[in-house]
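A closer look at the structure
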Amino acid sequence: MLEFKELSKTYDDGTEALKRVSFDVQDGEFLVIIGLSGSGKSTLLRCTNRLIDPTSGRIVWNGVDIAALPPKELRPVRRRIGMVFQHFNLVKRLSVMNNVLSGRLGYTDNWSSMTYRFSKEDRDNAMKSLERVGLTAQAFKRASELSGGQQQRVGIARALMQEPEIILADEPVASLDPVLAHTILGYLERLNREDKITVICSLHYLDLVQRYATRVIGLRDGEVVYRGTGEDIRRMTDAEFKEIYGEEAERVSAGPASVQGGAL
Amino acid sequence: MSSPTPRTAERTPLVPAPVAGVLSIVVPGLGQVLSRQVQRGALIFASAATMAAIFATRIADLGRRAEEGWPTVVRAFERRPFFAVVVLLSLLAIWLIGAWDAYRCAKERRRPVTGVFLFVLLGFFVLGWQISEINVVKMIREAPEALPPLSRVLWPWEAAFEYETEVLGAEAKILAGEGPGPERPPVVEGQPYLRSEPNFGRLSQQDENNRPVLGTRITVTGFDFAPNAATEIWWTDPIGNEFRPREAGEYIIVTTDDNGEFSFEMTMPYQLTPPSAEGPFLHTLDARQITEVGRPRPSEALRLTVARMIETIFMGMMATAFGIIFSIPVSFLAARNIMAGSRLTMAIYFITRTILNIVRSIEPLIWALIAVVWVGLGPFAGIVALTVHSIAALGKLYSEAIEGIDPGPIEAIQATGASRIQTIMFGVIPQMISPFISFSIYRWDINVRMSTVIGLVGGGGIGFLLVQYIRLLDYRSAGIAVWFIAVTVAILDYVSAEIRNRLM
């Protein structure tokens, strides 16, 4: 179980991104965080693996307070938390294989990584991860040669290499079209169900949230304004949705059936 | 922005329109300034004032041989009437149209007169034409003068190869002074024979007023030479000065007929021995037929050019190598995202940036002048100069590459639990490597091109050779150097562009 307790983050310029946010994530959940841009979703996710240091509060995972860990002890925590990014964040000039292998860096010693060397086992596992996201043919291409959807699948394979217990996904489909959005979230869903990996994912569109979430947290201006189960959110009307999002909320015409129609 | 009222109030002219016009006649631009068109007024005033000042100095310069005051102006107008009249009319036009413009500005017409700036352009164009001494007529009239050096530079390959030569020749002795001349050698069957008639006479001289007094005309005949071949005529005086005499300004070259015979007339050349010298002066006239035998081999000019070209390429390479080594640490100091930490690091950043900009703005040619004084003539001076400039140029380019790094992948690598070194190896270096290589190759390209020029001031390399050939008026050898430079630069340009394209 991952517990957020009174978590706050104030940036140097005075922006209060998170205001005493508290909630729990059960193991094996597909938790979706919804909220407008600037509502604190990214900050919350980045505090979880300490890419950003929270100002106050605690993040307790397996009895360890991640928020209080000194930088030297972050490594064992970080390597069990995979992360997928909106802009994929692949190292574009490296091969797909090396990008996937970089997920093992947390387990590799400095000397081997100076020469980009990984163990046979790691290489085999990297190939298996690529197989799971259907990209074995692209393994030795440069990452920049891949399409957006393919790059995000490499991102997932990289996270998978960490043998993670949690995957943080920061708007993983916001740079992709609706068809690809379902593909990518489908992969995350399978990891969640088959590998029992907890997924914490921020999303924009209600349709996607309704389709994939087992639980939902709504953020607005750094505060939790909505908590609900997957069932709750599936019953939610547009009017309630707008209450969380404000007036700028929108629906994408997604859902597998309409997607197929749209793609033709 | 919201309501038009304040803008109108702000734009209300300070003076009525006619007054603005009159004021602009007194001082160009004043009317516009008072109509709240400050920039426009300033521009008109600056243009008119600059033009008038430059015009005045040019007029003073053109008329400087005449008396002070009015005659100077008259003389200047006589010497360059077109220039003087056009600039004067432009000034007048700026003045008058400027006044009209001020009137219109003050009347709040939406469109002021743009014509005034046309006259500004015209006036400065004519001033520029005169000041930079453009002379199209001379350029066209004397174009033929440029042809001989140009043709030699464009096609220098005659000087690139040389052959073993064989000389077939004969000589005749000629006495300078009263006859009879020396005894002629006997004719030997099958060997060329040269004969001068008479074989004595007076050399050309200059009288006390330095006027030429031409020497005796002699008729030279030769036989049993190779038929239909060019034959050079040489003259050797009693003390061994060997030279080719000229007839009507050209070296004498005769061509033998089908029987291997020739005959021509020439004037005995100038005396080179001092007038005080005494005794019989036996001069030697000889005819030489030079034939090229064997295979061509590279001439000295070609061999030197190749050697210097190689030197040049390596100069560029060494300077680039040193430049890269020194500029990498410097580039980190000049990268804003690296140095943004504290006030101290930002101060270092600004100081580094400033020094880089200053060093970069001083041309490598000037650095070479300094380096020549420092380490002496030769390629090392060139390398020092190019290195200094490369450090500054590469330092700036590299630091911009560092500033342009995408933080996303670094974040992603950190998130996997990677250590600092691993993050640099996987997140930073792959992003830097292509701009680093690309900029370095580009710099090598520039350095080789620059090192051809740096030789001009003594920095070694092919430029050093080129400037020597040009000063010796040896346009063919210079042409070889120019060809090598052009071909090398073109190849390098292509290769570096190609490599950079592949990297991108």
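Calculation notes
Residues numbered from 1 in each chain as written. Chains lettered and ligands numbered in written order. Predicted model: local features only at pLDDT ≥ 70, side-chain atom pairs only at ≥ 80, totals over all residues. Heavy atoms only, no water. Core = buried A, V, L, I, M, F, W, Y, C linked by side-chain atoms within 4.5 Å. Buried < 20%, exposed > 50% of the residue type's maximum accessible area, 1.4 Å probe, protein only. Contact = heavy atoms within 4.5 Å. Phe/Tyr/Trp six-rings, centres within 6.5 Å; stacked < 30°, edge-to-face > 60°. Helix = DSSP H or I, 4+ residues; strand = E, 2+ residues; numbered from the N terminus. Axes fitted to C-alpha atoms, helices over the stretch in contact; angles between N-to-C directions. Parallel < 35°, antiparallel > 145°, perpendicular 65-115°, else oblique. Left-handed = near helix turned anticlockwise from the far one by under 90°. Nonpolar A, V, L, I, M, F, W, Y, C, P; charged D, E, K, R; others polar. Buried area = accessible area lost by both parts, 1.4 Å probe. Salt bridge = Lys/Arg side-chain N within 4 Å of Asp/Glu carboxyl O. Pairing = 2+ DSSP bridges.

Re the nonpolar core
Residues and elements named next belong to chain A.
- Ranked by internal contacts, the top residues of the largest apolar core, which has 57 residues, are Phe-30, Val-100, Leu-130, Ile-156, Leu-185, Leu-203 and Val-209.
- Not counting residues within four places of it along the chain, the set of residues in contact with Val-209 comprises Val-32, Ile-34, Leu-203, Val-216 and Ile-233.
- Counting residues in each nonpolar core, the second largest holds 31 residues, with Phe-4, Ala-67, Val-77 and Ile-217 among its members.

Concerning the packing of aromatic side chains
- In total, this model carries 15 aromatic pairs over all chains according to the counting rule given.
- Taken together, a centroid distance of 5.9 Å and an interplanar angle of 70° make the contact between Phe-118 of chain A and Phe-426 of chain B edge-to-face. Placement of the pair is Phe-118 of chain A in the loop between helix H4 (110-114) and helix H5 (120-132) and Phe-426 of chain B in helix H16 (residues 420-454), with the two residues belonging to separate chains. For the residue pair Phe-118 of chain A and Phe-426 of chain B, the accessibility class agrees, reading buried in each case.
- Ring geometry for Trp-100 of chain B versus Tyr-103 of chain B: centroids 5.6 Å apart, planes at 15°, classification stacked. Here Tyr-103 of chain B and Trp-100 of chain B lie together in helix H6 (residues 81-106), a separation of three residues that amounts to about one turn.
- When its relative accessible area of 43% is taken as the criterion, Trp-100 of chain B is described as partly exposed.
- Taking relative accessible area as the criterion, Tyr-103 of chain B reaches 26% and is therefore assigned partly exposed.

Considerations on the packing of helix H4 (residues 38-62) of chain B against helix H7 (residues 115-131) of chain B
All names here are of chain B.
- Two elements in contact, H4 and H7, have axes whose closest approach is 11 Å; the angle formed by their N-to-C orientations is 30°. One way to sum up the angle between H4 and H7 is to call them roughly parallel. Note on packing geometry: the crossing formed by H4 with H7 is left-handed. Touching Arg-40, Leu-43, Ile-44, Ser-47, Thr-50, Met-51, Ile-54, Phe-55, Arg-58 and Leu-62 of H4 are Val-116, Phe-117, Phe-119, Val-120, Gly-123, Phe-124, Leu-127, Gln-130 and Ile-131, all from H7.
- Of the residues contributing to the contact of H4 with H7, the split by class is 13 nonpolar, four polar and two charged.

Digging into the interface of chain A and chain B
- The partner chain B presents 21 residues to the 30 residues of chain A that form the contact.
- In total, chain A and chain B occlude about 2,100 Å² of area from one another, counting both sides; carbon and sulfur atoms represent 60% of this.
- Among the residues chain A hides against chain B, the three largest losses belong to Val-91, Arg-93 and Leu-105 of chain A. Together they make up 26% of the total.
- Here chain A is connected to chain B by one salt bridge.
- As a salt-bridge pair, Glu-411 of chain B and Arg-46 of chain A come within 2.4 Å of each other at their nearest N and O atoms.
- Looking at the side of chain A that touches chain B, the elements with two or more residues in it are helix H2 (74-78), strand E6 (81-84) and H4 of chain A.
- Element by element, the count of residues in the side of chain A that touches chain B is highest for H4 of chain A, at three residues.
- When the residues that make up the side of chain A that touches chain B are grouped by side-chain class, the tally is 11 nonpolar, 10 polar and nine charged.

Observations concerning the sheet that holds strand E8 (residues 198-203) of chain A
Residues and elements named next belong to chain A.
- Overall, mixed pairing links the six strands, which are arranged E6-E7-E8-E3-E9-E10 in an open sheet. Each edge of the open sheet carries a strand with a single partner, namely E6 and strand E10 (223-229). Geometrically, the sheet is characterised by an average inter-axis angle of 20° between neighbouring strands, direction not taken into account.
- Looking at chain direction, strand E7 (residues 166-170) and E8 are connected through five bridges and run parallel. Across the sheet, the residue bridging to Ile-166 is Thr-198, located in E8.
- Contacting strand E3 (30-34), E6, E7, E8 and strand E9 (215-220), helix H1 (residues 41-48) crosses the sheet at an angle of about 150° to E7.

Regarding the pattern of salt bridges
- Taken as a whole and assessed by the stated rule, the structure comprises 36 salt bridges over all chains.
- Linking Glu-165 of chain A and Arg-80 of chain A is a salt bridge whose minimum nitrogen-to-oxygen distance equals 3.5 Å. Taken as a pair, Glu-165 of chain A in the loop between helix H6 (148-161) and E7 and Arg-80 of chain A in the loop between H2 and E6 lie far apart in primary sequence, 85 residues in all.
- Given a relative accessible area of 30%, Glu-165 of chain A falls into the partly exposed group.
- Owing to a relative accessible area of 29%, Arg-80 of chain A belongs among the partly exposed residues under this scheme.
- Between Arg-104 of chain A and Glu-163 of chain A there is a salt bridge; the shortest N-O distance is 3.0 Å. Taken together, the positions of Arg-104 of chain A in the loop between helix H3 (96-101) and H4 and Glu-163 of chain A in the loop between H6 and E7 put the pair 59 residues apart, joining distant regions of the chain.
- On the accessibility criterion, Glu-163 of chain A (42% relative accessible area) is partly exposed.
- Several salt bridges share partner residues, and in doing so they unite Arg-46 and Asp-170 of chain A together with Glu-411 of chain B into one network.

Coordinates in, geometry out; function isn't part of it.
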